[in-house]
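# Per-entry structural report
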Amino acid sequence: MGLRGEAAIVGVADYPSERVYSGTRQFSLEQWADLSSRALADAGIASSEVNGIVCVGDVSESAMFHPATIAEYCGWSLDYAERVDLGGASAVAAVWRAAAAIELGICDVVVVTCTGRPKPELPSASPQERARTVNASSWTWGSPQSEFEVPYGDIPPNVGFAFYASRYHALYGNEPADHLARAKIAADQRTSACMNPNAAFFGKPITPEDVLASRLIADPLHILEIVMLCHGGGSVVLASKARAQRCPKRPVFLTGCGEHLAHKTPTYSVDEIPRTPISYVADRAFAMSGIDRSDIDMLQLYDCYTITVLLTIEQSGFCDPGGGLDLVRRNDLSYKGSFPVNTHGGMLGMGQPGFAGGLSMVLEATRQIRGECGNRQVRKHDTAYITGTGGIMSEQAALIVQGA
Amino acid sequence: MSDTVPKPRPRPTPTSQPYWDALRDERIVVQRCRACDHWVHYPRSRCSKCLSDQLVFQVVDGAATVYTFTVARQATAPPFVDEVPQIITIVELAEGVRFTTNLVDVAPEDVRVGMRVQPVFDHGDDGMTLLRYRPA
Ligand SMILES: [Zn+2]
């Protein structure tokens, strides 16, 4: 049962993460085509070979029919197409779906692309959207969130992640040193971002003390432990083992995966906070891959907040619940450290280009396993554990990837 | 200018109307499933444990503890600028259900996970009553 390790990532491409995008604006369809063509070039695969795509909800020109719109635009004749709606977990979830479809034998070249650059806007566009002052994903009458959360100021996402962090610290350690350990996650990732010229915070190292001295946004979370939105984009090409063997670069096979979700708003989590969905996923993914946590060379973890990384490390089984603070204190999490996490800087160091932020973990794992990461290359680079997180710890997905 | 942005208010549905009506009368009602005894909040048409439609509103006293909280040091959205620092919490009732709410009459520094809190009925001009909490 599960993936047999017969589908591989064979091509990757991305745009740099930029705080301000000054280039020509392109529609999301144009970005889809551009990013995909770059990833296909990296894979050495012709556009005509593409017979599957997985997209996420970022084709803003269409309310629905995204896959067909993309297929038509890019001229692809597809035997498999899907749109994933799992928030920040969408990119990772899209990659395992692509691998599963390939192993099922219904397609052999699948493109996953996430667009994240600004689109052209009509000056008169959507007055409704402009008038909207509350950023809640469920807005209309009959949405529980609009009725029971929004009136109390519980507007995603800072509040929800702060709920997890507050209760975590109340249970496992609420001293200044414990908060400093959480802050160290952002600082260590920034060390890696300083080796990534495509990161928005390239060349700007910070210390854990800087993080705690930065502006408090929602107790206990500070501005430097919250992702900064930016512009960018990413694309991944997956292919069957047979096709991958004819690609120029080291194929990166998917050998384990999983996902889990049960709530949208933390108030209604059936699990006691801070338990998160990844706690259901990791054992399954490792059992599927047949490797142990000690075999993992690097972790590329969705990092919308420091607390997300901390909980993901613990609940993926790399330490006991509550042991994450100590693990962070004892290890250097940067690319050169004893426990490398988000070696590209993560979204905390790179910026979050929309859905492409979640795909950046897949791209970085691929480039590390290929040995393409230059001065941020980790020493041993054959296996990676990758996660995605959507909503407020609502949906999480994991991938285990191994170089051939 | 920002304090002129209207606050988002609850818009009851046919299913949730009894909950909001009760708050206006300063009572708290929570659905209980006749089939499996599960307490259900927010109001639903079917039980979130067994999918039975045998849900009945029952009055509860509303005494709760702080399950987790945050203090919004910057407004979570423009309509809440005048409430900063706003204490946003999840409270847990003895029945096990949890509410999203705000703590009032307490300094942010004094809030703790596990502290006991009691209901405050905040009646608005629009006929809607929000359920907030204060230290017990
Ligand atoms: Zn029931």
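Not measured: the values here are computed from a predicted model.

The next point concerns the overall build of chain B. Along its length, chain B carries 1 helix and 8 strands. Secondary structure of chain B in N-to-C order comes out as α-β-β-β-β-β-β-β-β. What you see for chain B is a C-alpha radius of gyration of 16 Å, in line with the 14 Å of a compact globule of 136 residues. Taken along the three principal axes of its C-alpha coordinates, chain B extends 50 × 30 × 25 Å. Of all 136 residues assigned to chain B, the portion counted as buried reaches 47%. In chain B, once contacts between residues fewer than 6 apart in sequence are set aside, the share between residues at least 24 apart is 52%. As displayed, chain B has an accessible area near 6,500 Å², and 47% of this comes from carbon and sulfur atoms. Positive and negative side-chain charges in chain B, numbering 16 and 17 respectively, have mean positions lying 7 Å apart.

So, on to the UniProt feature "domain: ChsH2 C-terminal OB-fold" (unreviewed entry) in chain B. On the UniProt side, "domain: ChsH2 C-terminal OB-fold" (unreviewed entry) is annotated at positions that read residues 60-122 of chain B here. Span residues 60-122 of chain B is 0% helix and 48% strand, its end C-alpha atoms 18 Å apart.

Another point: the coordination of the zinc ion. Any two of four tetrahedral donors ideally make an angle of 109.5 degrees at the metal, while pairs among six octahedral donors ideally make 90 or 180 degrees. All names here are of chain B. Protein-derived coordination of the zinc ion comes from Cys33 (SG), Cys36 (SG), Cys47 (SG) and Cys50 (SG), at a distance range of 2.3 to 2.4 Å. Taken together, the 4 donor atoms coordinating the zinc ion span angles of 103 to 116 degrees at the metal, a pattern that classifies the geometry as tetrahedral. The sequence pattern describing where the donors of the zinc ion fall on their chain is C-x2-C-x10-C-x2-C. When its relative accessible area of 1% is taken as the criterion, Cys33 is described as buried. The exposure class assigned to Cys36 is partly exposed, which follows from its relative accessible area of 27%.

Here the focus is the sheet that holds strand 3 (residues 55-60) of chain B. Residue and element names in this part refer to chain B. If you walk across this open sheet you meet the 3 strands as 2-1-3, and the pairing is antiparallel. Lying at the two open borders of the sheet, with one neighbouring strand each, are strand 2 (39-40) and strand 3. As paired elements, strand 1 (residues 28-33) and strand 2 share 2 bridges and run antiparallel to each other. In the strand pairing of strand 2, Gln31 is matched with Val40.

Let's shift gears to helix 2 (residues 66-74) of chain A. For an α-helix, the turn length of 3.6 residues means that residues three or four places apart are oriented alike. Residue and element names in this part refer to chain A. Those residues of helix 2 that fall on the buried side of the exposure criterion are His66, Pro67, Thr69, Ile70, Ala71 and Cys74. In this structure, the buried residues of helix 2 make contact with helix 1 (28-43), strand 2 (52-56) and strand 3 (80-84). Backbone geometry just after helix 2 places Gly75 at a positive phi near 75 degrees.

Here the focus is the sheet that holds strand 3 of chain A. All names here are of chain A. Within the open sheet, the 9 strands sit side by side as 3-2-4-7-1-8-11-10-9. Their pairing is mixed. This sheet does not close on itself; its edge strands, each paired only once, are strand 3 and strand 9 (298-300). Taking each pair of neighbouring strands and ignoring which way they run, the sheet shows an average axis angle of 20 degrees. Each of strand 2 and strand 3 touches helix 2; the most contacted strand, strand 2, lies at about 125 degrees to it. Relative to the sheet, helix 11 (residues 306-318) contacts strand 9, strand 10 (383-390) and strand 11 (395-403), its axis offset from that of strand 10 by approximately 125 degrees.

Here the focus is the packing of aromatic side chains. Tallying each qualifying case throughout the model produces 13 aromatic pairs over all chains. Members of the aromatic cluster, each reached through a chain of ring pairs, are Phe148(A), Tyr268(A), Tyr19(B), Trp20(B), Tyr42(B) and Phe99(B). Here the guanidinium or amino end of Arg275(A) rests over the ring plane of Tyr280(A), the centre of that ring lying 4.2 Å away. Here the guanidinium or amino end of Arg44(B) rests over the ring plane of Tyr42(B), the centre of that ring lying 3.9 Å away.

Attention now moves to the pairing of strand 1 (residues 7-18) of chain A. All names here are of chain A. Buried residues dominate strand 1, accounting for 9 of its 12 residues. Where strand 1 lies against strand 7 (residues 231-240), 9 bridges are found, and the strand directions are antiparallel. Along strand 7, the bridge assignment pairs Ala8 with Ala239. Direction of pairing for strand 1 relative to strand 8 (residues 252-261): antiparallel, over a ladder of 2 bridges. What sits directly across from Ile9, in strand 8, is Val252.

Moving on: the packing of helix 10 (residues 278-289) of chain A against helix 11 of chain A. Residues and elements named next belong to chain A. Where helix 10 meets helix 11, the closest approach of the two axes is 8 Å, and the angle between their N-to-C directions is 45 degrees. Between helix 10 and helix 11, the angle falls in the class oblique. For the pair helix 10 and helix 11, the crossing hand works out as right-handed. From helix 10, Ile278, Ser279, Ala282 and Phe286 reach across to helix 11, where they touch Thr312, Gln315, Ser316 and Phe318. Residue composition of the contact of helix 10 with helix 11, by class: 4 nonpolar, 4 polar and no charged.

Quick look at the side chain of Ser269(A) now. Residues and elements named next belong to chain A. Assignment of secondary structure puts Ser269 in the loop between strand 8 and helix 10. A relative accessible area of 7% places Ser269 in the buried class. At 2.7 Å, the side chain of Ser269 forms a polar contact with the backbone oxygen of Asp271.

All names here are of chain B. Among the secondary structure elements, Asp105 is positioned in the loop between strand 6 (98-102) and strand 7 (116-123). On a C-alpha basis, the gap between Asp105 and Gln54 in space is 38 Å, while along the polypeptide they are 51 residues apart. If we skip the residues at most four places from it in the chain, Asp105 touches Arg134 and Pro135. At a separation of 2.8 Å, a polar atom in the side chain of Asp105 contacts the side chain of Arg134.

Take the packing of helix 6 (residues 158-172) of chain A against helix 11 of chain A next. Residues and elements named next belong to chain A. Their axes nearest at 10 Å, the elements helix 6 and helix 11 cross at an angle of 60 degrees. When the axis of helix 6 is compared with that of helix 11, the two are oblique. Where helix 6 crosses over helix 11, the handedness of that crossing is left-handed. Contact residues: Phe161, Tyr164, Ala165 and Tyr168 in helix 6; Ile307, Thr308, Leu310, Leu311 and Glu314 in helix 11. Within the contact of helix 6 with helix 11, the residues separate by chemical class into 7 nonpolar, 1 polar and 1 charged.

Here the focus is the UniProt feature "domain: Thiolase C-terminal" (unreviewed entry) in chain A. Following the UniProt record, one finds the feature "domain: Thiolase C-terminal" (unreviewed entry) at residues 272-401 of chain A. Here residues 272-401 of chain A is 40% helix and 14% strand, with 30 Å between the C-alpha atoms at its ends.

The rules behind each value
- Residues numbered from 1 in each chain as written.
- Chains lettered and ligands numbered in written order.
- Predicted model: local features only at pLDDT ≥ 70, side-chain atom pairs only at ≥ 80, totals over all residues.
- Heavy atoms only, no water.
- Helix = DSSP H or I, 4+ residues; strand = E, 2+ residues; numbered from the N terminus.
- Rg over C-alpha atoms; globule rule 2.2 N^0.38 Å.
- Buried < 20%, exposed > 50% of the residue type's maximum accessible area, 1.4 Å probe, protein only.
- Contact = heavy atoms within 4.5 Å.
- Areas by Shrake-Rupley, 256 points an atom, 1.4 Å probe, with all protein chains shown as cover.
- Lys, Arg positive; Asp, Glu negative; His and termini not counted.
- Charge placed at Lys NZ, Arg CZ, Asp CG, Glu CD.
- UniProt positions renumbered as here; feature names shortened; annotations may be inferred.
- Donors = N, O, S within 2.8 Å, 3.2 Å for Na, K, Ca; no water.
- Tetrahedral: all angles 85-135°; square planar, octahedral: opposite > 155°, others 65-115°.
- Pairing = 2+ DSSP bridges.
- Axes fitted to C-alpha atoms, helices over the stretch in contact; angles between N-to-C directions.
- Phe/Tyr/Trp six-rings, centres within 6.5 Å; stacked < 30°, edge-to-face > 60°.
- Lys NZ or Arg CZ within 6 Å of the ring centre and 35° of its normal.
- Parallel < 35°, antiparallel > 145°, perpendicular 65-115°, else oblique.
- Left-handed = near helix turned anticlockwise from the far one by under 90°.
- Nonpolar A, V, L, I, M, F, W, Y, C, P; charged D, E, K, R; others polar.
- Polar contact = N/O pair within 3.5 Å; in protein donor to acceptor, adjacent residues only side chain to side chain.

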